Amino acid sequence: MAAGVAVRVEKWLGVLLVLLWVVCVELTTKEFSLFLKSDEVHKLFGLNSELYYVRKGQVNDYALKFEVVVQANISELHFTWQSFGGNQLSYVIAIEVNSTEALGTPQLNITRTGIIPNEEQIFRLFLPCTGKKSEEVNINVHMNITAGSTVNMTSLILKRKKICLKGTNWNATMLIDPSAMIASASSFYVAVGCASALILIITSAATTCYIRAQKSCQNEIINYRDKSEDLVSQGQTFLRVDTPNNASITGSYGSYRRLTPVVLAVHVNDLRASELTEKISEIVVEKRKISLHEKLQEGTFGQIYHGMFQEDENDVSSIQDVFIKTVSDQASQVQISILLGEGMKMFSFIHNNILPVIGVCMDNPQRPLLIYPYMNQGNLKRFLHKCQFSVEGHCHTLVTQDLVAMAIQIVQGIMYLHKKKVIHGDIAGRNCVVDDQLQVKVTDNALSRDLFPNDYHCLGDNENRPVRWLAMESLLRKEFSTASDVWSFGVTLWELMTLGQQPYAEIDPFEMLASLRDGYRLSQPVNCPDKLYKLMAFCWTAVPEERPTFGQLLGYLQDFYTALGCYI
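Residues numbered from 1 in each chain as written. Predicted model: local features only at pLDDT ≥ 70, side-chain atom pairs only at ≥ 80, totals over all residues. Heavy atoms only, no water.

Draft legend 1. Expanded view of the overall build of the protein chain. Assigned secondary structure in the protein chain consists of 15 helices and 20 strands. Counting across all 568 residues of the protein chain, residues that qualify as buried make up 48%. When contacts within the protein chain are restricted to residue pairs at least 6 apart in sequence, those whose partners lie at least 24 apart make up 71%. Here the protein chain displays about 27,400 Å² of accessible surface, and carbon together with sulfur accounts for 53% of that area. (Helix = DSSP H or I, 4+ residues; strand = E, 2+ residues; numbered from the N terminus. Buried < 20%, exposed > 50% of the residue type's maximum accessible area, 1.4 Å probe, protein only. Contact = heavy atoms within 4.5 Å. Areas by Shrake-Rupley, 256 points an atom, 1.4 Å probe, with all protein chains shown as cover.)

And the structure:
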């Protein structure tokens, strides 16, 4: 009788091993890719790269965890997929939304069920806002991919957050299968549950019989499983979209509130008259060494020229292009003094991301000339405007990685100033310059009030201030510190991501402090990654000590830049 039981056990064991072998064969042949092409990635993120959710059977768990924000002006999403190996892969798609009032029924241009094509194809998801309500709608696209058997199933969830605005709707027609649109994915989960239960039953039975009948084979199964896991782990080379560098403390937003920045209790640095005279005397030059060419900017009394400066009259190679800041004949003595005081703030500083004054001509005391190294794209704010509004091909096409690189350079320049015990107090795009290679240098704010009058406002105290860039303590008590510079940098980062838009444009300057106290902050720019916007938001924390330091900002931005360049 014992022999009969052993025969039956071996018989069932053989059947179960065959089933497991079939599953293993299917797993090795179940290869497909699902990804976003570069134009779609550029539309959503501003990057010229492809983003894979599945690459030839390798699932990018990190990308699947990331919830992609779909801006209000985007109503159609494109996904690209392809099956490999010649085997038919079946799919089932279900769409889950949390609000049907703001978002109409999502639509696909493919059927709810079908076969993944063997040739690379694009399928489209249409997200029509109703215009009845402004809301951020959560959308989950559930996908089941099977290879000949429900046992061999891959389940994916693509997460999207669609921004819908009241009064805006999208009415387009597409060829769709109405059965593909559902508001609940209950049947989808039932199928997944059944498949999981079936896998569990088969695995348990096979393991039990296998141990009883042939214990000697146990190690082989364990070794096979370990080798399979090793092969899978070696193929995971995807971008972790939710955190550019999870191992670095600078990539953790939670660490910002635990690490108190060192706040320099220093007001915006002003030079005494004696110090100013002494510094000017060190770099004074004669007018004959300077020639003014075209006028680049002009305000009510301030002017900036492109010119040439020959430091050594006997050396032709010493001729260099320069910026020249000066005033018009209508400028008052007070305005001249402000130009000299602010222009000499960065005197003698040497850093790749700082633009210091290199010479001052006082031949005409009523029209002093301040000389700076030349940057051929000029003012950063005006450069961003050109990139946004110029005819395609006439200026740089800036992607997210370019903008992050520029932000890194601004941070490095400000860190150098703080090391020199200088608080800038007016960090903004208008106070930076840039060249063709997108090298950025931080400048002083001399003439900025005159050349960018819309960025400065007098709140009844006869002092023009950059109200929309200032921290709450600077507006309330005129306190400036490293932490207030962090706040202003956050606004500057927002300027970069919007290509020079005006921050808080809809708020009256006299209402800025009240709005900030009420918790109002700048909204997330279009195509700005969520993590980058969260970084901005931490710069605008009401309590100065809870803002990140520039060292933390630099570390995070460098990690984020590396992730953008290497992993997509």
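After that view, the rundown keeps rolling.
Draft legend 2. Structural context of helix α9 (residues 400–419). Along its 20 residues, α9 runs 29 Å from first to last C-alpha, staying within 8% of the 28 Å computed at 1.5 Å per residue. Counting buried positions along α9 gives 14 out of 20 residues, so the element sits mostly inside the fold. Taken from the residues just after α9, K421 is the one with a positive phi, measuring 65°. (Expected span 1.5 Å × (residues − 1).)

Draft legend 3. Spatial organisation of the environment of R112. With respect to the helices and strands, R112 occurs in the loop between β7 (107–108) and β8 (113–115). Overall, the relative accessible area of 33% leaves R112 in the partly exposed class. Sequence spacing of R112 and I93 is 19 residues, and the spatial spacing of their C-alpha atoms is 5.3 Å.

Draft legend 4. Representation of the environment of P128. The residue P128 is located in the loop between β9 (121–126) and β10 (135–146) in this model. Here the alpha-carbon distance between P128 and S75, two residues 53 residues apart in the chain, equals 6.2 Å.

Draft legend 5. Representation of the confidence of the model for the protein chain in the model. Confidence in the prediction of the protein chain, expressed as mean pLDDT, is 78, and 74% of residues score 70 or more. For residues 170–192, every residue scores under 50 in pLDDT, and the model assigns this stretch 50 contacts once sequence neighbours within four places are set aside. Considering only residues more than four positions removed or in separate chains, one finds that residues 209–268, a stretch of pLDDT under 50, has 101 contacts. (pLDDT = per-residue confidence, 0-100.)

Draft legend 6. Representation of the packing of helix α14 (residues 530–539) against helix α15 (residues 550–566). Closest axis-to-axis distance for the α14/α15 pair is 12 Å, and the angle between their directions is 170°. Overall, the two elements α14 and α15 adopt an arrangement that is roughly antiparallel. Contacts from K531, L532, L535 and C539 of α14 reach α15 at L553, Y556, L557 and F560. Partitioned by chemical class, the residues of the contact of α14 with α15 number seven nonpolar, no polar and one charged. (Axes fitted to C-alpha atoms, helices over the stretch in contact; angles between N-to-C directions. Parallel < 35°, antiparallel > 145°, perpendicular 65-115°, else oblique. Nonpolar A, V, L, I, M, F, W, Y, C, P; charged D, E, K, R; others polar.)

Draft legend 7. Quick peek at the state of the cysteines. What the rule picks out here adds up to one disulfide. Sulfur-sulfur distance for the disulfide between C129 and C164 comes to 2.1 Å. In this structure the cystine formed by C129 and C164 twists about its S-S bond by roughly -75°; its chirality is therefore left-handed. Here the residue C129 occupies a position in the loop between β9 and β10, and C164 occupies one in strand β11 (residues 153–164), the gap between them amounting to 35 residues. Exposure remark for C164: the relative accessible area of 1% places this residue in the buried category. (Disulfide = S-S within 2.5 Å.)

Draft legend 8. Representation of the sheet that holds strand β4 (residues 68–70) within the structure. The strand order across the open sheet built from five strands is β4-β11-β10-β6-β8, with neighbouring strands paired in mixed fashion. Of all the strands in the sheet, the pair left with one neighbour each is β4 and β8. Strand-to-strand, the axes of this sheet are offset by a mean angle of 30°, without reference to chain direction. Bridge count for β4 against β11 is three bridges, and the pairing is parallel. Across the sheet, residue V69 finds its bridge partner in β11, namely K161. (Pairing = 2+ DSSP bridges.)

Draft legend 9. How the structure looks around the pairing of β10. Taken together, the eight bridges between strand β6 (residues 90–97) and β10 define a ladder with antiparallel strand orientation. Paired with A94 across the strands is H142, a residue of β10. With 12 bridges joining them, β10 and β11 adopt antiparallel strand pairing. Along β11, the bridge assignment pairs I145 with T154.

Draft legend 10. How the structure looks around the sheet that holds strand β2 (residues 51–55). As summarised here, the arrangement of the six strands in space is β3-β2-β1-β5-β9-β7, forming an open sheet in which the pairing is antiparallel. The strands lining the two open edges of the sheet, one partner per strand, are β3 (58–59) and β7. In this sheet, β2 lies alongside strand β1 (residues 31–36) in antiparallel orientation, the contact comprising three bridges. When the sheet's bridge partners are listed, L34 is paired in β2 with V54.

Draft legend 11. View of the packing of α9 against helix α12 (residues 482–497). Interaxial distance between α9 and α12 falls to 10 Å at its minimum, and their mutual angle equals 160°. Taken together, the axes of α9 and α12 are roughly antiparallel relative to one another. Crossing of α9 over α12 shows right-handed handedness. Residues T400, L403, M406, A407, I410, V411, I414 and H418 of α9 pack against T482, D485, F489, T492, L493, L496 and M497 of α12. Looking at the contact of α9 with α12 residue by residue, the classes come out as 10 nonpolar, four polar and one charged. (Left-handed = near helix turned anticlockwise from the far one by under 90°.)

Draft legend 12. Expanded view of the nonpolar core. Counting residues in hydrophobic clusters, the biggest one holds 106 residues, and the most contacted among them are L34, M143, L380 and I410. If you tally residues by element for this core, the top one is α9, at 10 residues. When neighbours within four sequence positions are excluded, I410 is seen to be in contact with L380, I427, C432, V440, V442, F489, T492 and L496. Of all hydrophobic cores here, the second largest spans 24 residues; its members include F347, L370, Y372 and L451. (Core = buried A, V, L, I, M, F, W, Y, C linked by side-chain atoms within 4.5 Å.)

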